[in-house]
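Observations on the three-dimensional arrangement
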Amino acid sequence: MANRYISSQEEMAALREKLSERGKKLVLTNGAFDILHVGHVRYLKEAAALGDCLVVAINGDDSVRELKGPGRPVNTAEERAEMLCALEAVDHVVVFDDRRASGVIEVIHPHIYTKGGDYTPDSLIDEEKQLLDRLGIEIRILSLVPGKSTSATLSNLADNSDRSKRVAILGSGKGSNARAILEAAKEGILGGEVALVLSDVANSGILDVAKEYDVPALAIDPGTKRGGYLTDGALKEILDRLEAANIDLVALAGFMRIVREPLLSAYTGRILNLHPSLLPKYPGLHACEKAIEAGDAESGCTIHLVDAGVDTGKVLRQETVPILPGDTTDTLQTRIQEKEHIAYPEVIRERLENQTG
Ligand code: GAR
């Protein structure tokens, strides 16, 4: 940051002189630039394109507080300067302590002064306007990106932290785990609400369970036969539905498909799966059958994060059950599911509690 950060009036004046000698145009803008967002990035790019050197003058912490109220700035002047210095469009950053930019305009004496589209040349305060006119500085009002401002960003964050977390359940089967999760939500012990249930099987029980609880339920055409990979179109539809429903956490409950991109990146660390074995034993299909065939003394269920592999993600919880003499796949699965129905809602609650934003 050192060589882009201007710390004295002399340095500013020297920069202006050097550029003028070389016939270069200096562009100046100013503001708080408290929480950088894409609106800032585009605005600064546009400002930089007007000349050869862009100087951003940022209000010091006291003047931001005075202008924007207590609680602002969220980032100190030093931090804001460091972030701005990291942007390609920005050549230099200077911090000024006055509420108004007149002083800094006078010292820097840019060729062009830019403001965002919430200003018009007429809405610039008189003092600044007169100064700009007197110094022959061109005023350019640049367009802003609608909905992108520090205040809108902060208000979105506040809305998000207040609203209840939203869970989607994806399943292919009868939906006994979905029922356990929905029941926990109804009792208020899930730490969020179930906002969507999706299935790759048109008439699966899980969709009926969702309807019983008045939760939007939809079948997504997987594009391939049962067990096959979901097509890109199906994955996109799932992602669109999740995003449209503002989903925070995805719980796979008997979803017999492999989840892959673009879902994994969109919900990194926020897709859970439930598997009827003590992973890493018996990933994939027929886990109960394999445990019985192997003569194991015990089996159980695993709740884990989903990654690009098949049942390979980080394990969050395992519950063990004994395998009894004479057990069939069905009897073992029933015993495992009793544990699943208790453990899965608990793990979902823990994940929602630890999830920020
Ligand atoms: C669950 O027991 C779960 O462990 C298993 O499907 C069942 C779904 O039952 N998942 C897998 O086998 C994943 N490979 P449900 O529809 O009654 O919740």
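We now turn to the structure provided with this report. (Residues numbered from 1 in each chain as written. Predicted model: local features only at pLDDT ≥ 70, side-chain atom pairs only at ≥ 80, totals over all residues. Heavy atoms only, no water.)

1. Examining the site of the ligand
In the vicinity of the ligand, the residues found are Gly173, Lys174, Gly175, Ser176, Asn177, Gly254, Met256, Leu274, His275, Pro276, Gln337 and Glu340. Take Gly175: an N or O atom from its main chain is 2.8 Å from an oxygen atom of the ligand. In the complex, 90% of the free accessible area of the ligand, which totals 440 Å², lies under the protein chains. Comparing atom positions with the cavity grids shows the ligand to sit within the largest pocket. When grouped by side-chain class, the residues that make up the shell around the ligand number three nonpolar, seven polar and two charged. (Near = heavy atom within 4 Å. Polar contact = N/O pair within 3.5 Å; in protein donor to acceptor, adjacent residues only side chain to side chain. Areas by Shrake-Rupley, 256 points an atom, 1.4 Å probe, with all protein chains shown as cover. 1 Å grid on protein atoms, 1.4 Å probe; cavity = no way out; pocket = protein on both sides within 12 Å on 5 of 7 lines; lining within 4 Å. Sits in = over half its atoms within 2 Å of the grid points. Nonpolar A, V, L, I, M, F, W, Y, C, P; charged D, E, K, R; others polar.)

2. Quick word on unusual backbone geometry
For the bond from Glu261 to Pro262, the omega torsion is 5°, close enough to zero to count as cis. Examined against the element boundaries, Pro262 turns out to sit in the loop between strand S10 (249-252) and helix H11 (263-266). Leu279 connects to Pro280 through a cis peptide bond whose omega is 15°. With respect to the helices and strands, Pro280 occurs in the loop between strand S11 (271-275) and helix H12 (287-293). Even without a glycine there, the phi angle at Asn246 is positive, about 60°. Within the secondary structure, Asn246 is located in the loop between helix H10 (232-244) and S10. For Asn246, a relative accessible area of 43% translates into the label partly exposed. The phi dihedral of Asp311 is positive, around 60°, even though this residue is not glycine. Examined against the element boundaries, Asp311 turns out to sit in the loop between strand S12 (298-305) and strand S13 (315-322). (Helix = DSSP H or I, 4+ residues; strand = E, 2+ residues; numbered from the N terminus. Buried < 20%, exposed > 50% of the residue type's maximum accessible area, 1.4 Å probe, protein only.)

3. A word on the pairing of strand S7 (residues 166-171)
Within a regular strand, side chains alternate between the sheet's two faces. With five of its six residues buried, S7 lies for the most part within the structure. Note: S7 against strand S8 (residues 193-199), six bridges, orientation parallel. Paired with Ile169 across the bridge in S8 is Val197. Taking the sense of rotation as the criterion, the β-α-β connection linking S7, helix H8 (residues 176-186) and S8 turns out right-handed. (Pairing = 2+ DSSP bridges. Right-handed = clockwise from strand over helix to strand, strands pointing away.)

4. A word on the nonpolar core
Formed by 36 residues in total, the largest nonpolar core has its most connected members in Ile169, Val194, Val197, Tyr344 and Ile348. Residue contacts for Ile169: discarding those within four places in its chain leaves Ala178, Ile181, Val194, Leu196, Val197, Leu198, Ile206, Ala251 and Ala253. Counting 23 residues, the second largest nonpolar core, distinct from the first, contains Ala234, Ala245, Val259 and Val306. (Core = buried A, V, L, I, M, F, W, Y, C linked by side-chain atoms within 4.5 Å. Contact = heavy atoms within 4.5 Å.)

5. Some words on the pairing of S8
Of all seven residues in S8, six are buried, a share of seventy percent or more. Sheet topology places S8 next to strand S9 (residues 217-219); three bridges connect them, and they run parallel. Within the sheet, the bridge partner assigned to Ser199 lies in S9 and is Ala219. Handedness of the crossover is the feature at issue here: the chain leaves S8, passes through helix H9 (residues 205-212), returns alongside S9, and the resulting connection is right-handed.

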